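# Commentary on secondary and tertiary structure
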Amino acid sequence: MGSVALAGTLLVVALFLHRGVYGAYELKNDNKCDIFQGKWVYDPKYPLYNASNCPFIEQEFDCRKNGRPDNMYLKYRWKPTSCKLPRFRGGVFLERFRGKRILFVGDSISLNQWQSLTCMLHLAVPKAKYTLIRTGGLSTFSFPAHNVSVMFSRNAFLVDIVGEKSGRVLKLNSISSGDLWKTADVLIFDSWHWWLHTGRKQPWDIIQDMNNTYKDMNRLVAYSKALNTWAKWVNSNVDNSKTKVIFRGISPDHMNSSDWGDRNAKNCIGETRPVMGRSYPGGRHPAEAIVENVVRKISKKVRLLNVTTLSQLRKDGHPSAYGYGGPRATDCSHWCLPGVPDTWNQLLYAVLFPDSN
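Residues numbered from 1 in each chain as written. Predicted model: local features only at pLDDT ≥ 70, side-chain atom pairs only at ≥ 80, totals over all residues. Heavy atoms only, no water.

An unreviewed UniProt entry lists the protein chain under the name Trichome birefringence-like N-terminal domain-containing protein, from Citrus x changshan-huyou. Its UniProt record, at the heading Subcellular location (unreviewed entry), says of the protein chain: "Membrane". (UniProt positions renumbered as here; feature names shortened; annotations may be inferred.)

Written out as C-alpha cells, the structure reads:
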C-alpha cells in the first residue's frame, strides 16, 4: 500500500474511533461536527426557563431561591466550534417518544440532569398534565397524554453494594438491578461522583473483586472494573433495535481554584463567570480516559455524552454557598437549575434526534 493510501486509511480509522467515543453529530449537509467541542458565549435570551415555573426542582438546585444574588451564570449558551446546536423542542421530544420510557440511572448528578429535563419538557407543554411519583430510589415523571415516562433510578456505582456479616460490600463484578433497566426504551447512565468519597460519606466497608476482598484499592482502578462490569451487562442484555443506550461523561467539581489558574480563590464560591475559551487550564479529568476506553470497547451501540470539558469550563455554575446546606455546606459538585445540565439535555436531544435542526 502506498504512503498516501496508508495515510488515508489511518485517517479514516482515526475519525471512526473519534466518532465512536465522542459521538460526532452529523449535519444534514454531511459535514461532521463534534458538538462537545466549543466554547460558552453570552446570550441575553438565556436561561431556557425560569425556575419559578418549575415547581418540582429540588431545593439544593434552586440557587436563586436559595439567595444567589448574581445572574450572569444564567446567561451563557454552549456554542460548538463548527456547527449550530439544534434547538431543544420539548413538544417534538414528547411526540417522538410517545409510549416510551426514558430512564436515568446514576447518582445525584444524574438527578440534577433528570430534573433539568423534566423542567424543560414541562415548560414546553405547560398546560399538559403530569404526575410525579417517588418510590424508594425510583422517581417517575409522566405525561399521561403522551404516555411518556422520564424516570430516575438512584444507583451511584451501577454495580452492587450488599450488606453482609463482614459489612457493606462493594461488589465490582455484580449487577442485580438490571431488570429495571431492561424496561426502558432509552437508558442514560452515569457514575463517578461517589467513587472518591472516604470516611463517613463512603457507603461501603469492603471491596470485592472476583474472589478477592480488599479494605480499599485505587479508586480509579475500582471505577474501571465497575464500568467494565456495566459494559458486560450492556453487551449481554441490550437490543439496540429496541433500546438506545447513552453514558453521560464525567461531571467535574470545582473544589480547587488552582485548576482554573486562580491562586487567590479557594473553590467555586464567588465565581460568576465561566472559564473563557475552548480548553480547561487544569487539563483532562483523570476518569475521562477510563470512560472513553470502556465505551469504545462495548460491542453494542452506546453513545458517550461527553460533557466533561464543557462542564469544566463552568466554574460559575455550582450552587456554592446557595445550595441545600447554605454557606456551611459549600457545593461545588452539583449544578444550579436553570444551568449547565440544561445544556447536557440539549446535547442529549441532538444525539437522540440527529435529524433535528
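Let's shift gears to the sheet that holds strand S13 (residues 212-214). An order of S9-S10-S12-S13 is seen for the four strands of this open sheet, with the pairing classed as mixed. Strand pairing shows two members of the sheet lacking a second neighbour, strand S9 (160-164) and S13, which therefore form its edges. On average, each strand axis in the sheet is inclined to that of its neighbour by 30°, with strand direction left out of account. Note that strand S12 (residues 206-209) and S13 share three bridges and pair antiparallel. Note that in S13 the partner of Gln 208 across the bridge is Thr 213. (Pairing = 2+ DSSP bridges. Helix = DSSP H or I, 4+ residues; strand = E, 2+ residues; numbered from the N terminus. Axes fitted to C-alpha atoms, helices over the stretch in contact; angles between N-to-C directions.)

When you line up the elements, Asn 155 lands in the loop between strand S8 (148-154) and S9. With relative accessibility at 11%, the residue Asn 155 sits in the buried group. At 2.8 Å, the side chain of Asn 155 forms a polar contact with the backbone nitrogen of Leu 158. There is a polar contact of 3.1 Å between the side chain of Asn 155 and the side chain of Ser 177. Asn 155 has contacts with Val 105, Gly 106, Asp 107, Ser 177, Trp 181 and Asp 190, leaving out every residue within four places of it along the chain. (Buried < 20%, exposed > 50% of the residue type's maximum accessible area, 1.4 Å probe, protein only. Polar contact = N/O pair within 3.5 Å; in protein donor to acceptor, adjacent residues only side chain to side chain. Contact = heavy atoms within 4.5 Å.)

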